[in-house]
Amino acid sequence: MQPFELPDFYMPYPARLNPHVDSARAHTRIWADEMGFFEPQEGHHIWDETDLEKHDYGLLCAYTHPECDSQELSLITDWYVWVFYFDDHFLELFKRTRDSEGARIYLERLRDFMPLAGGPMPEPTNPVERGLADLWGRTVPSMPMDWRQRFVATTTALLEESRWELANITEGRIANPIEYIEMRRKVGGAPWSANLVEHAVGAAVPAQLAATRPLEVLRDTFSDAVHLRNDIFSYEREVREEGENANGILVVEKFFGYDTQHAADVVNDLLTSRLQQFEHTALTELPMLFAEYAASPQDQAAVVAYAKGLQDWQSGGHEWHMRSSRYMNKGGTTASDPLPRLFKPVGLGSSAVYLFAPNAALGPSRMKSFLRPRFEEVGPTALPELYLPYKLQVSPFVDAARENLLAWGKEMGFHGPVPELGGRVLWRPVDLAEFDFALCSAGLDPDATLAELDLSANWLAWGTYVDDYYPQVFGQRKDMLAAKAQGKRFSAFMPLESEVVPPATNAMERALADLWHRTTAVLDDEQRREFHRAVVAFLESCEWEVANDIANRIPDPVDYVEMRRRTFGSDLTMALSRFSHGHLVPPDVYRTQTIMDLEHTASDYATMVNDLFSYQKETQYEGDFHNAVRVMQNFFDCSSEDGVAIVNDLLTARMQQFERIVGSELPALYEEYDLGQDVRDSLDRRAVELQDWMAGIVNWHISCGRYKEAQLADRYRSVPDEPVTEPPIEAGPAPSFERPSGLGTGAVRIDGLCRSLKANTPAPQTVSP
């Protein structure tokens, strides 16, 4: 008996089969034998010829890469045979035996078989090393260095994050949902598959575009959909037979307390959401990206070929899962059935047909993200008890910082009339006082000097003003081009060298120029560039929110959680904190998964605390969809009370993961990298700073007047604001919001595009504390 019935899968594109499938099968059978895949390994049986025949990786690659020639298909098939063999080899030798130290040594050696510029390799000692050495030499010479670097990164992640799975199995630990999605991308290998798609279609993504948000979203949504689909088909084998615990259905079962069938349906809903996010990004974000970067026709063609290759992989991967003996697939429907239930027309604009389709798998799940009322009368939020294991400390300079902040806000013009709002003010003096950013800063960094406290409070005020400005000006006017033009102007107020700063045209620019000068005066060039990236990421996330406002779209839950870190300004405030440690901690240590998890868990905790407190403000008074409670309500189709409970469970899980990192993963990192005591002390201080950061944010939300009902009713009253008594500050020339022209710019008119296609565009939000 299967543990659950397979759900109805959303698969909008039919699978196609590469005609060279038989030659790929024959080639890879010989190649696997030559590499030694059928030989016993240290007394363990891994594969024999029968295993390879049953799994039929030639069929997988023929379905996922339907258009490449015979030689390319054979190469791609060899890569997949190698990666599945590695997975089973690692399972038998290290997961089943719980040999963590042996796994570390084994995985570190594999790095030596991926030299970026070619060169000598060590002598292979097992079939995994032998296969990697052979494949590397056959693959990388035809690809640019940028692609090689990305391929090394994804291959290394695929290999080394297997230790995360092993650690969880050894401890009997099941990941929380946010952690699982992030880590599954690395362990599951789909980003690695996405790199191979570039090779298969003969079109490497241009380096200047590869790190942009639209390309990251295409890769991540592709990866999540591939992994979630695999989790559904492999649940019986992995969980019931092999004792694995890195499976999405199991994660949902344990976290939400659902039975297996319900958990499988939830995972399928998330899979559908990720596929539709992929479609949305391809339709609405790529055209704008091409226009913004003035991408050449060749670069545009490369990106489109890549996106099409990822699309082919999705439908082909589904077809293979339905046919392979490796998986549970009774009762499912394939994408190549004569009249598949899930088939739909393809081509630009066809997604609009399914916004109102009667099929439950196609229509309602997509529609509900666009049809929810913007404003809902929800009343005060019944807040749950928050899990916070750290004590609050407050700087003794808080009162002085409050006075200084009010003076600075007036000087910058935060209370002046905003022409785009018809001359109304965005913030009154009483608003800035009630928001009490000095109290927030005093809790975030209780050991700060007064000058440091002033700088921190000023940054919080600036970020929150921007966060309030973008939706009320650009969002309500549905003017994406003006939002992007403002974002580009901001860069002029953050010079990296000695560029001349232009005259400010509004309070945001004036404040940013002041803050940038005061902040970067003590930073070196590398730190200045890092901080510049953090501020730009925050501003781009504001544009993401505007795009969602224009489309009247509630974000996809995964996209929301990941963008929320940027809209909250977490990267910005955390970067400021890191600079106090200088260059004591090696960069490669800061880039480890342990340190990234340390900061991400703290950030997710803080952002979800903010969403609980701001739910009434954003839902009832602002019509803002960028709130975790609303996102969970939309995805789970549940009440606000249930949405609050889900968000509280998630933030609790992230705090518990933070505690686990501090208690066990940081000490393990110290030992693995053989870090000196001064570096260990620095990272320990970093953990304490994040504890203060979270405690300070919770205290600020409880104490300030930004979210209390009485202040909300006064701030958002319907009568016009009182006349502004302060004389407006002289501004420079008004910014020119030029509309781009050239190839692809017709699609830049995102307002019309979103209205005609009912499409959805991801964009981050700025919910600064």
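Since the model is a prediction, treat every value here as computed from it, not as a measurement.

1. Some thoughts on unusual backbone geometry
With a phi close to 55°, D436 is a non-glycine residue in the positive phi region. Within the fold, D436 resides in the loop between α18 (429-435) and α19 (437-444). The exposure class of D436 is buried, given its relative accessible area of 13%. You will see that D674, though not glycine, has its phi angle at about 50°, which is positive. By the secondary structure assignment, D674 is in the loop between α29 (640-672) and α30 (677-703).

2. Details of the nonpolar core
Counting 211 residues, the largest nonpolar core has F37, W47, W79, Y80, W82 and W462 as the members making the most contacts within it. Considering every element that reaches this core, the biggest residue donor is helix α4 (residues 70-95), with 14 residues. Contact partners of Y80, with chain neighbours within four places excluded, come to L60, C61, H65, W192, S193, L196 and W313. Grouped together as the second largest cluster of nonpolar side chains are 7 residues, W164, M183, A246 and V251 included.

3. Description of the pattern of salt bridges
In the structure shown here, the tally under the stated rule is 58 salt bridges. Here K488 ties to E292 by a salt bridge, and the two come within 3.7 Å at their closest N and O atoms. In this pair, K488 is assigned in helix α21 (residues 480-492) and E292 in helix α14 (residues 260-292), connecting sequence segments 196 residues apart. Among the residues examined, K488 registers a relative accessible area of 52% and is labelled exposed.

4. Description of a negative patch on the surface
On the surface, D33, E34, E39 and E49 cluster together into a negatively charged patch. In this fold, E39 is placed in the loop between α1 (21-35) and α2 (49-55).

5. Some words on the packing of helix α17 (residues 398-412) against helix α20 (residues 450-477)
One way to put it is that α17 packs onto α20 with a least axis distance of 9 Å and a crossing angle of 50°. One way to sum up the angle between α17 and α20 is to call them oblique. The hand of the α17/α20 crossing is right-handed. Contacts between α17 and α20 pair V398, A400, A401, N404, L405 and W408 from the former with L450, L453, D454, A457, N458 and A461 from the latter.

6. Some words on the confidence of the model for the protein
For the protein, the mean per-residue pLDDT works out to 87, and 88% of the residues sit at or above 70. Helix α32 (residues 750-757) is the least confidently modelled element of the protein, averaging 27 in pLDDT, while α17 averages 98, the highest of any element. Low pLDDT (under 50) marks residues 337-364, which in the prediction has 48 contacts with non-local residues, meaning those over four places away or in another chain.

Calculation rules
Residues numbered from 1 in each chain as written. Predicted model: local features only at pLDDT ≥ 70, side-chain atom pairs only at ≥ 80, totals over all residues. Heavy atoms only, no water. Helix = DSSP H or I, 4+ residues; strand = E, 2+ residues; numbered from the N terminus. Buried < 20%, exposed > 50% of the residue type's maximum accessible area, 1.4 Å probe, protein only. Core = buried A, V, L, I, M, F, W, Y, C linked by side-chain atoms within 4.5 Å. Contact = heavy atoms within 4.5 Å. Salt bridge = Lys/Arg side-chain N within 4 Å of Asp/Glu carboxyl O. Patch = residues over 30% accessible without salt bridge, like charges linked within 9 Å, V, L, I, M, F, W, Y side chains within 5 Å. Areas by Shrake-Rupley, 256 points an atom, 1.4 Å probe, with all protein chains shown as cover. Lys, Arg positive; Asp, Glu negative; His and termini not counted. Charge placed at Lys NZ, Arg CZ, Asp CG, Glu CD. Axes fitted to C-alpha atoms, helices over the stretch in contact; angles between N-to-C directions. Parallel < 35°, antiparallel > 145°, perpendicular 65-115°, else oblique. Left-handed = near helix turned anticlockwise from the far one by under 90°. pLDDT = per-residue confidence, 0-100.

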